[in-house]
Amino acid sequence: MAARTRISALGGLLLLLLSRGAWANVEVMMEDRVEAFRGNSTQITCMFTSDDGPGGVIIQWFHMRGRDRQRIYYEDATTQHYDRNSQFKDRLTVNSTGSGTSGQVVMTIRDVRLKDELEYVCVVKSLTDGIGEDRTMLRVFETPQLPTIEAVQKGISVSDATPSKVGVCEVKNGYPSPNITWYRNRHPLHNGRDGVEVMTSVTVESTELYSVKSELSMVVQKEDKDAQFYCEITYHTPGGTRMTETKPIQITVFYPSTSVSVWVESPKGLIKEGDTLELLCQGDGHDPAAVMTIRNDLVSVESSRLLVENVTRLNSGVYECSSLDSNTFDEVVGNTSVFVNYLDPAVVRPQHAEVAQGGTLEAICNALSSLQTHTAWFKEGKLISVGHRLMVNATKYDTAGTYMCVVTVPEIQGMKTEGTLTVHVTGPPEILNPDHTELQETYGSSVRLPCDVRGFPAPSITWHTPDGQMLKADPPTDRKDGVASVLSLKVSSDITAVCNSTNEHGSSAITYTIRALNAVSELPPEKVQRESNGVVIAVIIICILLLAVLGSVLYFLYKKGKICGRSGKQDLTKEKSSKDNIVVEMKSDNTEEAILLGVNGEKLSPCEQ
């Protein structure tokens, strides 16, 4: 960009000279300004015309410090000289070119430094026609580091009448000095307007670069709680001005509440007695110093949270929350209503009932509640009726027992109460039939005779023999609908025992008959049959074993010829030998003899037998 600017300027200079139509003795032209980044190389061009031509002039370069002119380069037709005492030692190069009456001198400065930012003068002297000169200003630039921004950590109150510090922006190591502009929501903030104060300080570092710090203070408003603040940094570079921005920051703004809300945080939904009630209070302001208070007729706490455990209906009512501004002492109040639902204990009428057999049982169960209730009756865990009225017709002993009345509130889970009803069914004793009343037991054994009786009032039980002799039983035990008694006896003879139960409504009896057995033969027929079968089987097995032994002995004697005068020789004329094929057959009837048969089934002679 800089090179294009220089070429354009030099071209304009040539056109100007041509348009004049006449040549001055020595004409020198240079650009007004040359720009370069620190550390880069730059060129400064000097153009001239002379009747003596480029070979007949003396060229010198100077730089200005104030009004002082210091030479840094000399050139004539035969000599080039760099002044070694200048600041450009080993960083300066000059090249001259030309033809006819025109010439050009280019001075190159390497590794441009900040102190090179000077005014440079090109002097061209003709040996015959005079002298001419022009000058150029070299501008040096350094791009600063990325800027930083930091917000104030503490909150700022809108009640502060004087400006409060909002944040600090800083940019380091730029040249020339960068500029910082503060913005709030894309709108620039100007020092001295609308309570805004901007303090800027510039520091020259040891490197001669500039660091700039800007501090923003202002009188904040409630709207600033959502505002975004940032800094814009502008700095110069060769060819123009550039800009960069910091990240936005936000500040904490304290402001009083204009309205307050209070609500039930828990439980969610309907509240019942026994719950833990939690109330929260919050204002639309932001002021940690504000005093929050929750209160009603029973309680008052200086807090934004109220916790009431095991609430009752007395905790129902209006709860008020207030926010007191710590600076102005203005108070803002909000409120909410709380209702605690209740369910009183169930009341059963009557609690104890006596009903005659075949009669009607009636009872009522009620519980006072703030909500609709549901009533159910249970007996032994089984649902028997729904509704607050219980009615059972044609009662019997099975009707007796304990009834449970359960009252619930369908709208609130777990809200219930219970009551009980004890029912007795009056009537004469009723003996529950045992499994057997006629028993056969052996002499000396023990027997327990049960007598379970239902009835109300509880019957009295006595044991006796048919002739009126009293028998002593175990102490009676109560059962849910009557009495139970057990008679323990040791069998020494045939016995007949009578259980007699009586109450004011009547009596009932049951008779047990026990036959005493003293021998196996007197055992019951089924026992005798079982034992007889066992004996017969044992006898048969023994007989079979004995006959097998006898048969073996006889066979042995036969083979030895000890029977019927045999010599022990075998009859070789027999078709088949019975030596290895003898079958012993014995009938179960003990009156028949065992017969030995041959292999072919022939009956043997008496001698062979």
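In case you missed it, the structure is sitting above this.
Residues numbered from 1 in each chain as written. Predicted model: local features only at pLDDT ≥ 70, side-chain atom pairs only at ≥ 80, totals over all residues. Heavy atoms only, no water.

A separate point is the overall build of the chain. The number of helices and strands found in the chain is two helices and 47 strands. Classification of the 609 residues of the chain by burial places 36% in the buried group. Pairs at least 24 residues apart make up 61% of the contacts formed inside the chain by residues separated by at least 6 positions. For the chain, the exposed surface amounts to about 35,500 Å²; the carbon and sulfur share of it is 50%. (Helix = DSSP H or I, 4+ residues; strand = E, 2+ residues; numbered from the N terminus. Buried < 20%, exposed > 50% of the residue type's maximum accessible area, 1.4 Å probe, protein only. Contact = heavy atoms within 4.5 Å. Areas by Shrake-Rupley, 256 points an atom, 1.4 Å probe, with all protein chains shown as cover.)

For the rest of this paragraph, the subject is the state of the cysteines. The tally for this structure, following the rule as stated, stands at five disulfides. Linked covalently through their sulfurs, C169 and C231 form a disulfide whose S-S length is 1.8 Å. Taking the torsion about the S-S bond as the criterion, the C169 to C231 disulfide, at about 110°, is right-handed. Here C231 lies in strand β18 (residues 229-237) and C169 lies in strand β13 (residues 164-174), a separation of 62 residues in the sequence. (Disulfide = S-S within 2.5 Å.)

It is worth spelling out the pairing of strand β39 (residues 446-456) at this point. Bridge count between strand β37 (residues 416-431) and β39: three bridges; the pairing is antiparallel. Across the sheet, residue I431 finds its bridge partner in β39, namely V453. Pairing of β39 with strand β43 (residues 482-490) involves nine bridges; the strand directions are antiparallel. The partner of D452 across the bridge, within β43, is A484. (Pairing = 2+ DSSP bridges.)

With that settled, consider the packing of aromatic side chains. Tallied over the entire structure, the rule returns five aromatic pairs. Centre to centre, the rings of F88 and Y120 are 5.8 Å apart; their planes meet at 55°, and the pair counts as tilted. Taken together, the positions of F88 in the loop between β6 (80-82) and β7 (92-99) and Y120 in strand β9 (residues 119-126) put the pair 32 residues apart, joining distant regions of the chain. Taking relative accessible area as the criterion, F88 reaches 2% and is therefore assigned buried. (Phe/Tyr/Trp six-rings, centres within 6.5 Å; stacked < 30°, edge-to-face > 60°.)

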